[in-house]
Amino acid sequence: MHHSPPRLIRKRRVRMEAAINTLVANFYSHAEQEGCQKTLNKNEFKALLKKELPSYNKLDVDKKMNELDTNKDNKLTFEEFWAFIGQLALIQNQCRK
């Protein structure tokens, strides 16, 4: 499912659009560090956690990579990474209750 993002005619993006754009940009920024520019390897995933998600930096990276890496190629596609973002969102939702 590939959709082009809608063109924004307003100068100021709303917060949810900005959050989504930030997540996508951060994924590809870290994916470009080593090897394939469309996936995160373990080192890139670990660096992303350390820099962008410091509250989750203590995560067992090997275990989380294994859980998220559905095709078992030792890399995370954006879709596999998005599953992790969904997990984090659910955790945040539980904290708000």
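Refer to the structure printed above.
These numbers come from a predicted model, not from an experiment. As a convention, each chain's residues are numbered from 1 in the sequence order in which they are written. Totals for whole chains, interfaces and linings use all residues, but because this is a predicted model, local features are given only for residues with pLDDT of at least 70 and pairs of side-chain atoms are given and counted only at 80 or more. Each side-chain value is derived from all of the structure's non-hydrogen atoms; neither hydrogens nor water enter the calculation.

Generally speaking, nonpolar side chains in soluble globular proteins are found buried as a group. In terms of nonpolar packing, the biggest core is built from 17 residues, with Leu-40, Phe-45, Leu-49, Leu-53, Phe-81 and Phe-84 touching the most fellow members. Secondary structure follows DSSP: runs of H or I at least 4 residues long count as helices, runs of E at least 2 residues long count as strands, and numbering of each begins at the N terminus. Breaking this core down by element, the ones donating at least two residues are helix 1 (15–31), helix 2 (42–52), helix 3 (61–68) and helix 4 (78–96). For this core, the element with the most residues is helix 4, which contributes five residues. Beyond its immediate sequence surroundings of up to four residues, Phe-45 is in contact with Leu-40, Val-61, Lys-64, Met-65, Leu-68, Leu-76, Phe-81 and Phe-84. To qualify as a nonpolar core, a set must consist of buried Ala, Val, Leu, Ile, Met, Phe, Trp, Tyr and Cys residues joined through side-chain atoms within 4.5 Å. Exposure is judged per residue with a 1.4 Å probe applied to protein chains only, and the accessible area is read against the type maximum: over 50% gives exposed, under 20% gives buried, and values in between give partly exposed. Whether two residues are in contact is decided by their heavy atoms, any of which lying within 4.5 Å being enough.

A few words on the environment of Glu-52. Turning to its location among the elements, Glu-52 is positioned in helix 2. Exposure remark for Glu-52: the relative accessible area of 29% places this residue in the partly exposed category. Taking the C-alpha atoms as reference, Glu-52 lies 10.0 Å from His-30; in sequence the two are 22 residues apart. When near neighbours in sequence (up to four residues on either side) are disregarded, Glu-52 contacts Asn-26 and His-30. In protein, a polar contact requires one atom able to donate a hydrogen and another able to accept it; more generally it is a pair of N or O atoms within 3.5 Å, and residues adjacent in sequence count only if both atoms are side-chain atoms. At a separation of 3.3 Å, a polar atom in the side chain of Glu-52 contacts the side chain of Asn-26.

A side chain with one charge can pair with a side chain of the opposite charge if their charged atoms come near. Salt bridges are defined as contacts in which a side-chain nitrogen from Lys or Arg sits within 4 Å of a carboxyl oxygen from Asp or Glu. Throughout the structure, instances matching the rule amount to two salt bridges. Its salt-bridge partner being Lys-42, residue Asp-62 comes within 2.8 Å of it at the nearest N-O pair. On the criterion of sequence distance, the pair formed by Asp-62 in helix 3 and Lys-42 in helix 2 is long-range, its members being 20 residues apart. For Asp-62, a relative accessible area of 46% gives the class partly exposed. The shortest N-O distance in the salt bridge between Lys-64 and Glu-67 comes to 3.2 Å. Of this pair, Lys-64 and Glu-67 are both found in helix 3, three residues apart, which corresponds to roughly one turn of the helix.

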